Amino acid sequence: MTPTRGNFSEYWLEQLLAVKGDVQFVLVYPPGERRRTVGDPRVKSLTSPYKGEMMQRFIGLLNVDGDFVLALDDDDYVHPDIAESVQTYFDKFPHSLVLRLMQERVPIEQVDDMRRPWQPIPRVETLEVAARRNGNEVPILQEVPIAPLKKHFDWRYLIWPFMSRTDDCGPHIENFNNKVWRNDRLQQVLPDLAKTTILWGVLTWIPRSGFDRLMGLYLQGYYYYRCSRVVGHWMPEPAQIRFTLVDPAQKPPRFHVLSDVLLIKRFPQYGYFWNLFFNKLSYVPRIFAKMLRQKTKR
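The structure presented is a predicted model; accordingly, all values stated were derived computationally and were not measured. (Residues numbered from 1 in each chain as written. Predicted model: local features only at pLDDT ≥ 70, side-chain atom pairs only at ≥ 80, totals over all residues. Heavy atoms only, no water.)

Draft legend 1. Up close: the overall build of the protein chain. In terms of helices and strands, the protein chain carries eight helices and 14 strands. Relative to a compact globule of 298 residues, whose C-alpha radius of gyration would be 19 Å, the protein chain shows 20 Å and is just as compact. Projected onto its principal axes, the C-alpha positions of the protein chain cover 50 × 45 × 40 Å. By the burial criterion, 50% of the 298 residues in the protein chain qualify as buried. Of the contacts formed within the protein chain by residues at least 6 apart in sequence, a portion of 78% connects residues at least 24 apart. For the protein chain, the centre of its 41 positive side-chain charges and the centre of its 33 negative side-chain charges are spaced 8 Å apart. (Helix = DSSP H or I, 4+ residues; strand = E, 2+ residues; numbered from the N terminus. Rg over C-alpha atoms; globule rule 2.2 N^0.38 Å. Buried < 20%, exposed > 50% of the residue type's maximum accessible area, 1.4 Å probe, protein only. Contact = heavy atoms within 4.5 Å. Lys, Arg positive; Asp, Glu negative; His and termini not counted. Charge placed at Lys NZ, Arg CZ, Asp CG, Glu CD.)

See the structure below:
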């Protein structure tokens, strides 16, 4: 599932459609954008009724039909053999919530490396499971623990919100994109998230951006009581996902704290979300300064 304005490259589309197996590709456009014609019956093109990344992603997730969901941006590349590995993994671990794919971040100045041939994916059924890699010579499936949601709120954030977080280190995940999730679990969460956006009466809060981290943590918060310590596994190298590494200064400003509001509204019992909220709140002045610099340059 990919939100897009339709300005993706022909090469990206070609590589996406090269993915083998029983797969579906959902492209979601913002209102007013002309959909590109793609002559492949596996492609479902939709138009979001409202602008904004969150609405495009939400509409896409509501309309996916597969057993498993992989969210990509329209400049992310995925291994053509990934579908077989995903099916094998969830057959072996039917209670897992997520399969974390191994990523390769390609520096923008080495963009030609994005076109290198893919290396074979290790066969999932032969991989041993371990809690840590620890320099293992033999490829393993690394356990992915649930985010430490029950960390206590650090009251020092009320005095000095600029201090660095210490609870976000480890192999647990926050973001939703570039990982494979069970669609049956995902579909259960979407109506709950929609209700969470309703603040008072008819007043609804839908941030334009920040859906990536919001969805990843929302799923873990929602299923916390069902999950054991491990929510999934992390694939070994070689990479199954590639994307370019862009200088953060060149990226458009994003107020992630605006989507974090929904996390603490729905899950006020988790100190991890409060620490995240107050830490990102401290970034707001810097984001405004970045917006001003970019407008001045233009």
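Draft legend 2. Structural detail: the nonpolar core. One finds Leu61, Met215 and Phe273 to be the most contacted residues of the largest nonpolar core, which totals 51 residues. Contributing elements (two or more residues each) for this core: β2 (25-29), α2 (53-62), α4 (183-196), α5 (211-222), β13 (230-234), α6 (257-266) and α7 (271-281). Residue contributions to this core peak at seven residues, all from α5. In contact with Leu61, other than residues within four places in its own chain, are Met1, Val69, Phe176, Leu186, Gln187, Leu190, Phe211 and Met215. Counting residues in hydrophobic clusters, the runner-up holds 34 residues, among them Phe25, Leu27, Met114 and Val180. (Core = buried A, V, L, I, M, F, W, Y, C linked by side-chain atoms within 4.5 Å.)

Draft legend 3. Just the packing of aromatic side chains, in detail. Summed over the entire model, instances satisfying the criterion amount to 17 aromatic pairs. Between Phe176 and Trp181 the ring centres are 5.3 Å apart and the planes differ by 15°, which places this aromatic pair in the stacked class. Taking relative accessible area as the criterion, Phe176 reaches 1% and is therefore assigned buried. Note on Tyr270 and Phe273: the rings are 5.9 Å apart at their centroids and 75° apart in plane angle, and the pair reads as edge-to-face. When sorted by exposure, Tyr270 lands in the same class as Phe273, which is buried. An aromatic cluster is present here, built from Tyr218, Tyr224, Phe267, Tyr270, Tyr272 and Phe273 joined pairwise through their rings. The side chain of Arg115 reaches across the aromatic face of Tyr11, ending 3.8 Å from its centre. The ring of Tyr223 is capped by Arg185, whose NZ or CZ atom sits 5.0 Å from the centre of that ring. (Phe/Tyr/Trp six-rings, centres within 6.5 Å; stacked < 30°, edge-to-face > 60°. Lys NZ or Arg CZ within 6 Å of the ring centre and 35° of its normal.)

Draft legend 4. Representation of α2. The buried fraction of α2 is high, at nine of ten residues. Inspection of α2 places Glu53, Met54, Met55, Gln56, Arg57, Phe58, Ile59, Gly60 and Leu61 among the buried residues, and these make up the whole buried set.

Draft legend 5. Here's a closer look at the sheet that holds strand β14 (residues 241-245). Pairing is mixed across the open sheet formed by three strands, whose spatial order is β5-β14-β7. Because the sheet does not close on itself, it has two edges, and the strands there are β5 (77-78) and β7 (103-107). Strand direction decides the pairing type here: β7 and β14, joined by five bridges, are parallel. When the sheet's bridge partners are listed, Glu104 is paired in β14 with Arg242. (Pairing = 2+ DSSP bridges.)

Draft legend 6. Fine view of the pattern of salt bridges. One pass over the full model with this rule turns up 15 salt bridges. Notably, a salt bridge pairs Glu143 with Arg229, separated by 2.8 Å at the nearest N-O pair. With Glu143 in strand β9 (residues 140-145) and Arg229 in the loop between α5 and β13, the pair connects residues that are 86 residues apart, well separated along the chain. For Glu143, a relative accessible area of 18% translates into the label buried. Close ionic contact of Asp184 with Arg182 constitutes a salt bridge, the shortest N to O distance being 2.5 Å. By relative accessible area, which is 14% here, Arg182 ends up buried. When salt bridges that share partners are traced, they join Glu53, Arg57 and Asp73 into one network. (Salt bridge = Lys/Arg side-chain N within 4 Å of Asp/Glu carboxyl O.)

Draft legend 7. Broad picture of the sheet that holds β2. Taken in spatial order, the three strands line up as β1-β2-β3 in an open sheet, and their pairing is parallel. With partners counted over all chains shown, the strands left at the sheet margins are β1 (2-3) and β3 (43-47), one partner each. Bridge count between β1 and β2: two bridges; the pairing is parallel. Following the sheet pairing, Pro3 is matched in β2 by Val28. Sitting on the sheet, α2 touches β1, β2 and β3, and the angle it makes with β2 is about 145°. (Axes fitted to C-alpha atoms, helices over the stretch in contact; angles between N-to-C directions.)

Functional significance is not addressed by these values, which are geometric in nature.
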